[in-house]
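Residue-level structural notes
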Amino acid sequence: QVQLVESGGGLVQAGGSLRLSCAASERTFATMGWFRLAPGKEREFVAAISSSGSSSAYADFVEGRFTISRDNAKNTIYLQMNSLKPEDAAVYYCAARVVYGLAYRKDEYDYWGQGTQVTVSS
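Cut-offs applied
Residues numbered from 1 in each chain as written. Predicted model: local features only at pLDDT ≥ 70, side-chain atom pairs only at ≥ 80, totals over all residues. Heavy atoms only, no water. Phe/Tyr/Trp six-rings, centres within 6.5 Å; stacked < 30°, edge-to-face > 60°. Helix = DSSP H or I, 4+ residues; strand = E, 2+ residues; numbered from the N terminus. Lys NZ or Arg CZ within 6 Å of the ring centre and 35° of its normal. Buried < 20%, exposed > 50% of the residue type's maximum accessible area, 1.4 Å probe, protein only. Contact = heavy atoms within 4.5 Å. Salt bridge = Lys/Arg side-chain N within 4 Å of Asp/Glu carboxyl O. Disulfide = S-S within 2.5 Å.

1. Focus on the packing of aromatic side chains
Taken as a whole, this structure holds 6 aromatic pairs when the rule is applied. Taking the centre distance of 5.3 Å and the plane angle of 50° together, the rings of Phe29 and Tyr111 count as tilted. Taken as a pair, Phe29 in the loop between strand 3 (18-24) and strand 4 (32-37) and Tyr111 in strand 10 (residues 111-112) lie far apart in primary sequence, 82 residues in all. Here a set of aromatic residues connected by ring pairs shows up, and it is made of Phe35, Phe45, Tyr104, Tyr109 and Trp112. Here the guanidinium or amino end of Arg43 rests over the ring plane of Tyr93, the centre of that ring lying 3.8 Å away. Just above the ring of Trp112 sits the side chain of Arg43; from NZ or CZ to the centre is 4.8 Å.

2. Comments concerning the environment of Ser55
Looking at the element boundaries, Ser55 is found in the loop between strand 5 (44-49) and strand 6 (56-58). Residue class for Ser55 comes out partly exposed when judged on its relative accessible area of 32%. Distance in space between the C-alpha atoms of Ser55 and Gln3 is 24 Å, their sequence separation being 52 residues. Ignoring any residue separated from it by four or fewer positions in sequence, one finds Ser55 in contact with Ala48, Ile49, Ser50 and Leu102.

3. Quick notes on the pattern of salt bridges
This model, assessed by the stated rule, comprises 6 salt bridges. In this structure, the salt-bridge partner of Arg36 is Glu44, at a minimum N-O distance of 2.7 Å. A residue is classified by how much of its surface remains accessible, and Glu44, at 27% relative accessible area, is partly exposed. For Arg65, the salt bridge identified is with Asp88, shortest N-O distance 2.6 Å. Of the two residues, Arg65 sits in the loop between strand 6 and strand 7 (66-71) while Asp88 sits in the loop between strand 8 (76-81) and strand 9 (90-96), which places them 23 residues apart along the sequence. Residue class for Arg65 comes out buried when judged on its relative accessible area of 9%.

4. Some words on the environment of Ile68
By the secondary structure assignment, Ile68 is in strand 7. Ile68 gets classed as buried once you look at its relative accessible area, which sits at 5%. C-alpha separation for the pair Ile68 and Ser50, spaced 18 residues apart in sequence, amounts to 10 Å. Excluding anything up to four places from it in sequence, Ile68 contacts Met32, Gly33, Trp34, Ala47, Ala48, Ile49, Ser56, Tyr58, Tyr78 and Leu79.

5. Some words on the state of the cysteines
Inspection of every chain in the model, using the stated rule, returns 1 disulfide. Across the disulfide from Cys22 sits Cys94; the S-S distance is 2.0 Å. Between Cys22 and Cys94, the disulfide has an S-S torsion of -75° and is therefore left-handed. Note that Cys22 is positioned in strand 3 and Cys94 in strand 9, a separation of 72 residues in sequence. Cys22 sits in the buried class, given a relative accessible area of 0%. Judged by relative accessible area, Cys94 falls into the buried class, the value being 0%.

As structure tokens, then:
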């Protein structure tokens, strides 16, 4: 059974940084991405990265503060988050799909992690 396991969440002050990791248990997926779910909101796209890592995409609200990367030798992707704001607080989910091509909708992804909580204090 494929598993995606996120780590790296926690509590940080506004302006601080966190690096999230997502390790896949079995295979190197095609596109992988990050989504987030904040209270009272729908799960939204944060970032995605292609299978080779050569292409990536970000939500507008990222504004250059986050960087997605991947290490295929470790079946792991990362989300480096800098200049965090209180509105970035959410549960962050890793997602993977078996089809190539960047994807932005949650229904385009086949596998999901359990999420990691990010809390940003003001």
